[in-house]
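What follows is each chain in one-letter form.
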Amino acid sequence: MQVQDASITRLVERIGEHYRTNISNRFIRPILLQLPFDNQSWDLLEDLTKRAGQGVHLDEMYRQIVAAAHFVAVVRRELLPGLRNRVGRGDTSSQDRVLRDMAVNNFASNLQVFADLVNELFIKLVEADKIDSKGRAPLYTQMPELSNIGRLLIGG
């Protein structure tokens, strides 16, 4: 099944914009690239955050959500505790210093917004999956890797 819902497409666009602006910005991205996150997961995360969800197959969107949820969990575990110490303090203009400090100070809440948006996307996809399944088992029930998405995104 291809995802054709306009509200899902808009949500994917919001996720991408939020990710590029608040998560993977020029101050934080160099540190993100040092995380223990495999290349395939990076590719899936980039696919989710760089294009609209229109016309993407449901199973691919589910895999992208799994990658995003693992990303959130890895960032919470590996990066958040020491983010302030890992961000470069090199020679920067006072304007860049202010922007860098804002990026660092707001990162935890921006990560939570990202996680909430991804969770909202997952819920919308599950609803669409249930409607489209027409008497057979929805796809999300056939993908065991989706069983702990909520826990990864909520952080529990």
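Think of each chain on its own: its residues are numbered from 1, step by step along the sequence as written. A pLDDT threshold of at least 70 governs which residues receive local features in this predicted model, and a stricter bar of 80 or more applies before side-chain atom pairs are shown or counted, although totals over entire chains, interfaces and linings include all residues. The side-chain numbers reported here are obtained from all heavy atoms of the structure, hydrogens and water having been left aside.

**Description of the pattern of salt bridges**
Salt bridges are identified by distance alone: a Lys or Arg side-chain nitrogen within 4 Å of an Asp or Glu carboxyl oxygen. On inspection of all chains with the given rule, the structure shows 9 salt bridges. The closest approach of N and O atoms between Arg 26 and Asp 96, which form a salt bridge, is 2.8 Å. One end of the pair, Arg 26, is in the loop between helix H1 (6-23) and helix H2 (29-32); the other, Asp 96, is in helix H6 (residues 94-105), and 70 residues separate them in sequence. Taking the shortest distance from any N to any O, the salt bridge between Arg 77 and Glu 78 comes out at 3.2 Å. Note on exposure labels: buried denotes an accessible area under 20% of the residue type's maximum, exposed denotes more than 50%, and partly exposed covers the range between, all computed with a 1.4 Å probe on protein chains only. Arg 77 gets classed as exposed once you look at its relative accessible area, which sits at 51%. By sharing partners, the salt bridges in this structure join Arg 29, Glu 46 and Lys 50 into a single network. Numbering of helices and strands runs from the N terminus, with a helix taken as a DSSP run of H or I at least four residues long and a strand as a DSSP run of E at least two residues long.

**Observations concerning a nonpolar patch on the surface**
Patches in this entry comprise residues that are over 30% relatively accessible and not in a salt bridge; like charges within 9 Å are linked, as are nonpolar side chains (Val, Leu, Ile, Met, Phe, Trp, Tyr) within 5 Å. Accessibility throughout is a Shrake-Rupley quantity obtained with a 1.4 Å probe, and a residue counts as covered only by protein chains that appear here. Together, Val 98, Leu 99 and Met 102 make up an exposed nonpolar region whose accessible area comes to about 250 Å². By secondary structure assignment, the location of Leu 99 is in helix H6.

Note that every value here comes from positions in space, so none of it alone points to a role or purpose.
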